[in-house]
Amino acid sequence: MSTATFHISSLLEKMTSSDKDFRCPHGGSRSLEPLSLLPILAPSFPLSPRFMATSDLMSELQKDSIQLDEESERKVVRTLLRLLEDRSGEVQNLAVKCLGPLVCKVKEYQVEIIVDTLCANMRSDKEQLRDIAGIGLKTVLSELPPAATGSGLAINVCRKITGQLTSAIAQQEDVAVQLEALDILSDMLSRLGAPLGTFHASLLHCLLPQLSSPRLAVRKRAVGALGHLAAACNTDLFVELADHLLDRLPGPRAPASPAAIRTLIQCLGSVGRQAGHRLGAHLDRLVPLVEEFCNLDDDELRESCLQAFEAFLWKCPKEMGPHVPNVTSLCLQYMKHDPNYNHDSDEDEEQMETEDSEFSEQESEDEYSDDDDMSWKVRRAAAKCMTALISSRPDLLPDFHYTLAPTLIRRFKEREENVKADIFTAYIMLLRQTRPPKGWLEAVEEPTQTGSNLNMLRAQVPLVMKALQRQLKDRNVRVRQGCFSLLTELAGVLPGSLAEYMPMLVSGIVFSLADHSSSSTIRMDALAFLQGLLGTEPAEAFHPHLPTLLPPVMACVADPFYKVAADALLVLQELVRALWPLNRPRMLDPEPYVGELSTATLARLRATDLDQEVKERAISCVGHLVGHLGDRLGDDLEPTLLLLLDRLRNEITRLPAVKALTLVAVSPLQLDLKPILAEALPILASFLRKNQRALRLATLAALDALAQSQGLSLPPPAVRAVLAELPALVSESDMHVAQLAVDFLATVTQAQPASLIEVSGPVLAELLRLLRSPLLPTGVLTATEGFLQALVGTRPPCVEYSELINLLIAPVYDQARDAGPGLHKQVFHSLARCVAALSAACPQEAAGTASRLVCDARSPHSSTGVKVLAFLSLAEVGQVAGPGPQRELKAVLLEALGSPNEDVRAAAAYALGRVGAGNLPDFLPFLLAQIEAEPRRQYLLLHALREALGASQPDSLKPYAEDIWALLFQRCESPEEGTRGVVAECIGKLVLVNPPFLLPRFRKQLAAGQPYTRSTVITAVKFLISDQPHPIDPLLKSYIAEFMESLQDPDLNVRRATLTFFNSAVHNKPSLVRDLLDEILPLLYLETKIRRDLIREVEMGPFKHTVDDGLDVRKVAFECMYSLLESCLGQLDICEFLNHIEDGLKDHYDIRMLTFIMLARLATLCPAPVLQRVDRLMEPLRATCTAKVKAGSVKQEFEKQDELKRSAMRAVAALLTIPEVGKSPSMADFSAQIRSNPELTALFESIQKDSASSPSVDSMELS
């Protein structure tokens, strides 16, 4: 027998022992007198052995390591079930608690014994035993492993007790048993509704009669259980339930019991909250009835009706569309429903003194307070319904600003705290919906709907501020918190709009900061609001109020509660940054404030017994204070810097101290840091050896800032100590660290070139190794160019120009001849840019370098790699090398265009264009003539022209624009798609030379050109779109509608090019197309349909192969849909969008992959519409996950099918994150199928692991 089993056996013996008789002090045994009970009732009296043993058993069962044999299981179960009938209530309670951990430790048949016993006890005559049995069943159900884990225990147990629960509910004799059974059933359906599918019909028929019960408690519990059942039952039963409720609802004028109507409406609300997505088809019958009942004089009924509307709006926003005006009207009506209170005198009260008005308001509340007043619940339900309305219908924002906003603002005077909080929430939701989309530019887009919404909101600001004036000083903390939340949101949506109301805001902030009577939460909220205000309002607005504002903030800095102190330090930091910015002249003299600021922050910085958050904020605040106002600190500057140095030595505070030191170093105040440099640099050098990446990054930034600001003041020995650590950081293992290290090297080279002599060799060796990486980011390459230029730019140079050039080209020149490039293509481009950077730094050497490169490119003995590097280097160096080498280049480059090696040809074409851009009068006519004369080299020559157009200044190209335009349009009809693509890019670059003149010409080409010309023109428009603002944007926006008409072109290639252009616009600059989506989307959705007339069969020997000519167009159409999800979600009708997603789930492999990704994205962005049609979406997902590849298929087919399954399973996993989706019958069936199939189980588990390790994989680059 194991130790644990033996211990449990001894516990069981104690649990079955009876309490010993209490002995009287004189010996013998007799009944205790009442006075002798007092010691027993005292807390110090020993507890019974059964209680102690049961408590110990509870501790044992909670251990994961415990394992019981069969006999021990039987004994424990039997003993605990017996203790449920113990005469001691404390022992009973402990025994019930033991059942929870026990069910996971014993075999299934023992759990069934427990459940059977508890069900039998529920029908007992003893009330206490019934209660204990009910608690026990709930405990057991809550601890059962969920069905999703693959365990069938929960399902089997629930199936076992369901029949007993239904019989207990159906019997009318004992209401207590009924209530307990309904509670358990509701709990069970909420957790395991779908697996109990076989019982749903009997449960429905058992629960529906309970809606007519004379007992209110029974009706309420039945309503809750029916809501959970509605979410899990099949469609037929749901329709039966909905029809039953609708048929039972009488007409508003028909005689009926008010209680019965309330119950039915509450049941509809419960069904709406739990399964509202399934109610959509019934809303046209349902909503008018509920609207009528809203008008009856019954506040409880009105509340239930409004709660039902709220659920319908959240779950079925599209189906509620026709009813929105009526629901809006009801919300407006009942948000003002306050029959017991007269607000008419409020306008007069506002003119009175604050104290008097507060007193009179309180007096009115006392006078009209009524315990039976239900009207506040109606107002609260109306406010919540309004929140759902605003959130679910962003397309109606202009109407909401016109109709809802004024009423909401007027209702800020609401007297009931809970209602006022919900009114604030509704207005905050309106503000959030009005917030401009990301990347919105007011100057460009003012005429759009977003601009008009913001204008309407600006007009409301005075009304909002007037309504909140008294609320900001309300005695109720929750009211003030609501005000701060609302004003924070308003300032975020309309920055600068609160500046004129600063006296009122400052007064409210100071009032809350000085409020020590309530919890510290209100002070933290006030500080957070002030911090946000400093970021959105102009600094000048704060200048007059600083003497009022600063003392309470300083008091909060010294507050003993660490969260308040940390927030106050953050406010001080923001205050210093905003009021005395470094990039503008000081508009406010800091002299009266700097001493006070310094004293408060240094007091916190010196203290050592502080919370970590306060320490970090204090250090950051001191960094900002010294960086912005260090010139005014006087004698306090040096002690402050020494304090920072001390924090730099502390492992806990070193990272914030490094960041603070960076702020001080980059300050344009040019502060003298000599007192700390000699000690700080070795400490910083030691940080470069630490494993903490954030510390290394911050240290490199600090070192670079110190080298730039202090320069020659840095002690050379300390600098050499730092430089010794750098070669190890110039590594491919961390490119960001490498970039910062190289930037620092470049700065030190310019500041103290002599210090670099010792480390230049090791550093260069690591840098050259880094340049050979194919993954070299642009930032590291740019930093390397700067460092190399600094090396040869010092006088005398740290490293000679020729030596550096030889080191750079050595990896290529040392390769064996004709061995091929060997290195990755990207490496040649990186080396070429470094060669060009050196040539630019030493112009006197550029001509010689160019001549050498020309010789190497021409030499027959040069390897392929040498020629590629020579041409790529010439592309950069040729522009600075002068006209001599350029003339010689023509022949070499033209000869290279005929090279048998593709890499050499491509490099020569690139060089021809780049060199030509440096000497257009000589090269461009020559290049155009070659394009005319050499049709076989046309593709390469067009590439050269593209590079020339991209590298030249627009003004220098204008004289040649007409010739280039004519030449390019002659080649628009080329049969080769690659050539047409290069021509389109050239046309796009040419249009940028003179957009107002050239862009309108596209109209003529689109109207009269051949199909290839039309598709080339549309592709050229795509190259006019960049992700950055560009002067062509306003002009391009005026032509977009005409270009998008090509979606109706009869030619497939033109439509595909138009969709590709549209996708680029949506992805990079959605503002160009956002206003046209109503016209574009129907045409886009048309292209997602499979067209049978575009599918043909091709005979390939004895086989027939199906070719779908419309596939590429459909694929681009679905890519556009994905891009729309990312940038134009607010303009989409998600229900219509999902219709086409459904079609895509059954389409070709590539399209299915796209739609699976979109479905996963929609499950996160718009769960409600997805939930409405989850049953339809599951079928294609299930079909994909369970599909089998034909025997004898090639390896690629198996790989494609595996990838499809993974993608479909990712979509299923995303759907499962929607809270209510697990109750869907189709999802429950498929979940069971996944658990029963080992292959699907393994796939699902791997998907879950992937999503846990990389939670943000939900964006896809399609442009």
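The sections below set out a description of the structure shown in this document. These numbers come from a predicted model, not from an experiment.

Calculation rules
- Residues numbered from 1 in each chain as written.
- Predicted model: local features only at pLDDT ≥ 70, side-chain atom pairs only at ≥ 80, totals over all residues.
- Heavy atoms only, no water.
- Helix = DSSP H or I, 4+ residues; strand = E, 2+ residues; numbered from the N terminus.
- Contact = heavy atoms within 4.5 Å.
- Areas by Shrake-Rupley, 256 points an atom, 1.4 Å probe, with all protein chains shown as cover.
- Salt bridge = Lys/Arg side-chain N within 4 Å of Asp/Glu carboxyl O.
- Buried < 20%, exposed > 50% of the residue type's maximum accessible area, 1.4 Å probe, protein only.
- Pairing = 2+ DSSP bridges.
- Expected span 1.5 Å × (residues − 1).
- Phe/Tyr/Trp six-rings, centres within 6.5 Å; stacked < 30°, edge-to-face > 60°.
- Lys NZ or Arg CZ within 6 Å of the ring centre and 35° of its normal.
- 1 Å grid on protein atoms, 1.4 Å probe; cavity = no way out; pocket = protein on both sides within 12 Å on 5 of 7 lines; lining within 4 Å.
- Points joined across faces, edges and corners; volume = space filled by probe spheres on them.
- Core = buried A, V, L, I, M, F, W, Y, C linked by side-chain atoms within 4.5 Å.

**Examining the overall build of the protein chain**
Here is step 1 of the chain: Summing up its helical and strand segments, the protein chain has 63 helices and 2 strands in all.
Here is step 2 of the chain: In the protein chain, the share of contacts with a sequence separation of at least 24, taken over all contacts with a separation of at least 6, comes to 74%.
Here is step 3 of the chain: Carbon and sulfur atoms make up 52% of the accessible area of the protein chain, which totals about 55,500 Å².

**Re the side chain of Thr 1013**
Here is step 1 of the chain: Inspection of the secondary structure assignment puts Thr 1013 in helix α52 (residues 1011–1022).
Here is step 2 of the chain: In this structure, Thr 1013 is in contact with Phe 969, Cys 972, Glu 973 and Gln 1005, ignoring residues within four places of it in sequence.

**Here we look at the pattern of salt bridges**
Here is step 1 of the chain: Under the counting rule described, the total for this entry stands at 59 salt bridges.
Here is step 2 of the chain: Ionic pairing is found between Lys 318 and Asp 1133, a salt bridge with its closest N-O pair at 2.9 Å. With Lys 318 in the loop between α15 (299–315) and α16 (324–335) and Asp 1133 in the loop between α56 (1111–1127) and α57 (1134–1144), this residue pair connects regions lying 815 residues apart in the sequence.
Here is step 3 of the chain: The class for Lys 318 is partly exposed, based on a relative accessible area of 44%.
Here is step 4 of the chain: The salt bridge involving Glu 613 is made with Arg 617; its shortest N-O contact spans 3.5 Å. On the criterion of helical spacing, the pair formed by Glu 613 and Arg 617 is a turn pair, its members being 4 residues apart in helix α30 (residues 612–629).
Here is step 5 of the chain: Shared partners join several salt bridges into a network, and the residues in it are Asp 338, Arg 379, Arg 411, Glu 414 and Arg 415.

**Some details on the pairing of strand β1 (residues 1095–1100)**
Here is step 1 of the chain: Within β1, only 0 of the 6 residues are buried, leaving the element largely exposed.
Here is step 2 of the chain: Note that β1 and strand β2 (residues 1103–1108) share 6 bridges and pair antiparallel. Counterpart to Ile 1095 in the pairing with β2 is Asp 1108.
Here is step 3 of the chain: From the end of β1 to the start of β2, which pair antiparallel, there are 2 residues, and Gly 1101 there has a positive phi angle of about 65 degrees.

**Let's talk about helix α46 (residues 938–951)**
Here is step 1 of the chain: Its 14 residues give α46 an end-to-end C-alpha distance of 20 Å, which sits within 8% of 20 Å, the value for a rise of 1.5 Å per residue.
Here is step 2 of the chain: For α46, the full list of buried residues reads Gln 938, Leu 940, Leu 941, Leu 942, His 943, Ala 944, Leu 945, Arg 946, Glu 947, Ala 948 and Leu 949.
Here is step 3 of the chain: Where α46 is buried, its residues meet α44 (902–917), α45 (920–933), α47 (954–957), α48 (961–970) and α49 (977–991).

**Observations regarding the packing of aromatic side chains**
Here is step 1 of the chain: Summed over all chains, the structure comprises 13 aromatic pairs.
Here is step 2 of the chain: Consider the rings of Tyr 1039 and Phe 1043, whose centres lie 6.2 Å apart with planes at 20 degrees: the pair is stacked. In this pair, Tyr 1039 and Phe 1043 both sit in helix α53 (residues 1033–1044), 4 residues apart, roughly one turn of the helix.
Here is step 3 of the chain: Note on Tyr 1039: relative accessible area 10%, which makes it buried.
Here is step 4 of the chain: With relative accessibility at 1%, the residue Phe 1043 sits in the buried group.
Here is step 5 of the chain: Taken together, the ring pairs connect Trp 965, Phe 969, Phe 1002, Tyr 1039, Phe 1043 and Phe 1061 into an aromatic cluster.
Here is step 6 of the chain: Between Arg 980 and the ring centre of Tyr 1012, over which it is positioned, the NZ or CZ distance is 3.8 Å.
Here is step 7 of the chain: Here the basic side chain of Lys 1200 rests over the ring of Tyr 1149, its NZ or CZ set 4.9 Å away from the ring centre.

**Looking at empty space enclosed by the protein**
Here is step 1 of the chain: Scanning all chains against the criterion turns up 6 cavities of 30 Å³ or more.
Here is step 2 of the chain: In this model, the largest cavity occupies a volume close to 50 Å³.
Here is step 3 of the chain: Lining the largest cavity are Cys 119, Met 122, Arg 123, Gln 164, Leu 165, Ala 168 and Val 177.
Here is step 4 of the chain: At the level of elements, α6 (108–122) and α8 (153–170) are the ones that each hand at least two residues to the lining of the largest cavity.
Here is step 5 of the chain: The element best represented in the lining of the largest cavity is α8, accounting for 3 residues.
Here is step 6 of the chain: By volume, the second largest cavity is sized at about 50 Å³.
Here is step 7 of the chain: Taken together, Leu 1052, Arg 1055, Leu 1086, Glu 1087, Lys 1089, Arg 1091, Leu 1094, Gly 1110, Val 1113 and Arg 1114 make up the lining of the second largest cavity.

**Here we look at the nonpolar core**
Here is step 1 of the chain: If you look at the biggest cluster of nonpolar residues, it comprises 422 residues, and the most contacted ones within it are Phe 309, Tyr 427, Phe 871, Leu 945 and Phe 1002.
Here is step 2 of the chain: Those residues in contact with Phe 1002 that lie beyond four places of it in its chain are Trp 965, Phe 969, Ile 987, Val 991, Val 1017, Ala 1020, Val 1021, Leu 1024 and Phe 1043.

**Quick notes on helix α26 (residues 521–536)**
Count 3.6 residues to each turn of an α-helix, and residues three or four apart come out pointing the same way.
Here is step 1 of the chain: If you check α26, its first and last C-alpha atoms are 23 Å apart, about what 16 residues at 1.5 Å a residue would give, namely 22 Å.
Here is step 2 of the chain: Taken together, the buried positions of α26 are occupied by Ile 522, Arg 523, Met 524, Ala 526, Leu 527, Phe 529, Leu 530, Leu 533 and Leu 534.
Here is step 3 of the chain: Tucked inside the fold, the buried residues of α26 contact α24 (477–493), α25 (502–513), α27 (546–557) and α28 (562–579).

**Considering the environment of Ala 491**
Here is step 1 of the chain: Structurally, the position occupied by Ala 491 is in helix α24.
Here is step 2 of the chain: On the basis of relative accessible area, Ala 491 is assigned to the buried category, the value being 3%.
Here is step 3 of the chain: Each C-alpha atom of the pair Ala 491 and Leu 431 lies 9.8 Å from the other, and the pair is 60 residues apart in sequence.
Here is step 4 of the chain: Every residue in contact with Ala 491, bar those within four places of it in the chain, is listed here: Leu 498, Leu 533, Thr 536 and Glu 537.

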